Amino acid sequence: KYIFQKINKEVFNTEALVSNYTFLNKATAGFRKKTGDILTPEMYLSRSGNYHVYDEQGFPWRLVSYLNNSKSYSVADDINISYQAARAFGNYQSFLNTLNSADFQDSISNFHNPVTRSKQYQSALVSAAPDRKEKALPEIKLAEKYKSILSETLKLINSDKLPKRVTHNDTKLN
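Model, not experiment: these values are computed from the prediction.

Visitor: Pulling in residues and values, what's your account of the packing of aromatic side chains?
Guide: Pairs of aromatic rings are described using the distance from one ring centre to the other and the angle between the two planes. Summed over the entire model, instances satisfying the criterion amount to six aromatic pairs. Measuring from centroid to centroid gives 5.0 Å for Phe-4 and Trp-61, while their planes differ by 25°, and the two rings are stacked. Of this pair, Phe-4 sits in strand 1 (residues 2–6) while Trp-61 sits in strand 4 (residues 60–65), and the two are 57 residues apart along the sequence. For Trp-61, a relative accessible area of 23% puts it in the partly exposed group. Centre to centre, the rings of Tyr-21 and Tyr-51 are 5.3 Å apart; their planes meet at 75°, and the pair counts as edge-to-face. Taken together, the residues span a long stretch of sequence, with Tyr-21 in helix 1 (residues 14–35) and Tyr-51 in the loop between strand 2 (43–44) and strand 3 (53–54) at a distance of 30 residues.

The following block contains the structure:
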């Protein structure tokens, strides 16, 4: 069984993804061989030796293995589901911490940039419909309360005291 997945070329830098796949596949294969644990679905090369094939509109598609006996949850009705997901993600992140971040490229421009994220947040606040802003008021107040975290984070990044690491920053249950 396989999963054939379309990649959004408007969001992702396809060249960076391919470079990252190359390093990640090699590292996960070594981990699997050593431990027997599967951290990610295997990504397959096409007959022409590429990770992606492109459709008529120029969108890349990739083929990954289906993990037998796996389930995907959008909502966890049982705390054990959340626990197991967090445990698996923690194991994956621990594995990623063993990789050299210099081998990887950002696949989404400015995804990890706190200054860009702050500007996007401020822009969203300005353009939000009044009813949506009212509904989100508790979260807005919380963000304002902790906005100093941004400047503290930037200080750490610029001081080189915060090590650059490989992370997967799209954490969700499904």
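Visitor: How would you sum up the environment of Ala-86? Please name residues and give values.
Guide: Mapped onto the elements of the fold, Ala-86 is located in helix 2 (residues 79–96). On the accessibility criterion, Ala-86 (49% relative accessible area) is partly exposed. Distance in space between the C-alpha atoms of Ala-86 and Leu-96 is 15 Å, their sequence separation being ten residues.

Visitor: How would you sum up helix 6 (residues 148–159)? Please name residues and give values.
Guide: When the terminal C-alpha atoms of helix 6 are compared, their 17 Å separation across twelve residues agrees well with the 16 Å that a helix rising 1.5 Å per residue should span. Positioned one or two residues after helix 6, Asp-160 has a phi angle of 65°, which is positive.

Visitor: A description of the pairing of strand 4 should follow, citing residues and the corresponding values.
Guide: Pairing of strand 1 with strand 4 involves five bridges; the strand directions are antiparallel. When the bridges of strand 4 are listed, Ile-3 appears paired with Val-64. As paired strands, strand 2 and strand 4 are joined by two bridges and run antiparallel to one another. Residue pairing for strand 4: Met-43 is matched across the bridge by Val-64.

Visitor: Provide a residue-level description of the pattern of salt bridges, including the pertinent values.
Guide: In total, this model carries two salt bridges according to the counting rule given. Glu-144 is the partner of Lys-147 in a salt bridge, and the nearest nitrogen-oxygen pair spans 3.5 Å. The exposure class of Lys-147 is exposed, given its relative accessible area of 55%. The partly exposed category is assigned to Glu-144, whose relative accessible area is 33%. Glu-152 is paired through a salt bridge with Lys-155; the nearest N and O atoms lie 3.4 Å apart.

Visitor: Provide a residue-level description of the packing of helix 3 (residues 114–127) against helix 6, including the pertinent values.
Guide: Direction vectors running N to C along helix 3 and helix 6 enclose 160°, while the axes themselves pass 10 Å from each other. With respect to helix 6, the axis of helix 3 lies roughly antiparallel. Here helix 3 and helix 6 pass one another in a crossing that is left-handed. Of the residues in helix 6, those in contact with Pro-114, Val-115 and Ser-118 of helix 3 are Leu-150, Leu-154 and Ile-157. In the contact of helix 3 with helix 6, the residues fall into five nonpolar, one polar and no charged.

Visitor: Give me the lowdown on the nonpolar core, citing residues and values where you can.
Guide: Within the largest apolar cluster, eight residues are counted, these being Leu-24, Ala-27, Tyr-92, Phe-95, Leu-96, Leu-99, Phe-104 and Val-166. Only helix 1 and helix 2 provide two or more residues apiece to this core. Residue contacts for Leu-24: discarding those within four places in its chain leaves Tyr-92, Phe-95, Leu-96, Leu-99 and Phe-104. Counting residues in hydrophobic clusters, the runner-up holds six residues, among them Ile-7, Tyr-21, Met-43 and Tyr-51.

Cut-offs and rules
- Residues numbered from 1 in each chain as written.
- Predicted model: local features only at pLDDT ≥ 70, side-chain atom pairs only at ≥ 80, totals over all residues.
- Heavy atoms only, no water.
- Phe/Tyr/Trp six-rings, centres within 6.5 Å; stacked < 30°, edge-to-face > 60°.
- Helix = DSSP H or I, 4+ residues; strand = E, 2+ residues; numbered from the N terminus.
- Buried < 20%, exposed > 50% of the residue type's maximum accessible area, 1.4 Å probe, protein only.
- Expected span 1.5 Å × (residues − 1).
- Pairing = 2+ DSSP bridges.
- Salt bridge = Lys/Arg side-chain N within 4 Å of Asp/Glu carboxyl O.
- Axes fitted to C-alpha atoms, helices over the stretch in contact; angles between N-to-C directions.
- Parallel < 35°, antiparallel > 145°, perpendicular 65-115°, else oblique.
- Left-handed = near helix turned anticlockwise from the far one by under 90°.
- Contact = heavy atoms within 4.5 Å.
- Nonpolar A, V, L, I, M, F, W, Y, C, P; charged D, E, K, R; others polar.
- Core = buried A, V, L, I, M, F, W, Y, C linked by side-chain atoms within 4.5 Å.

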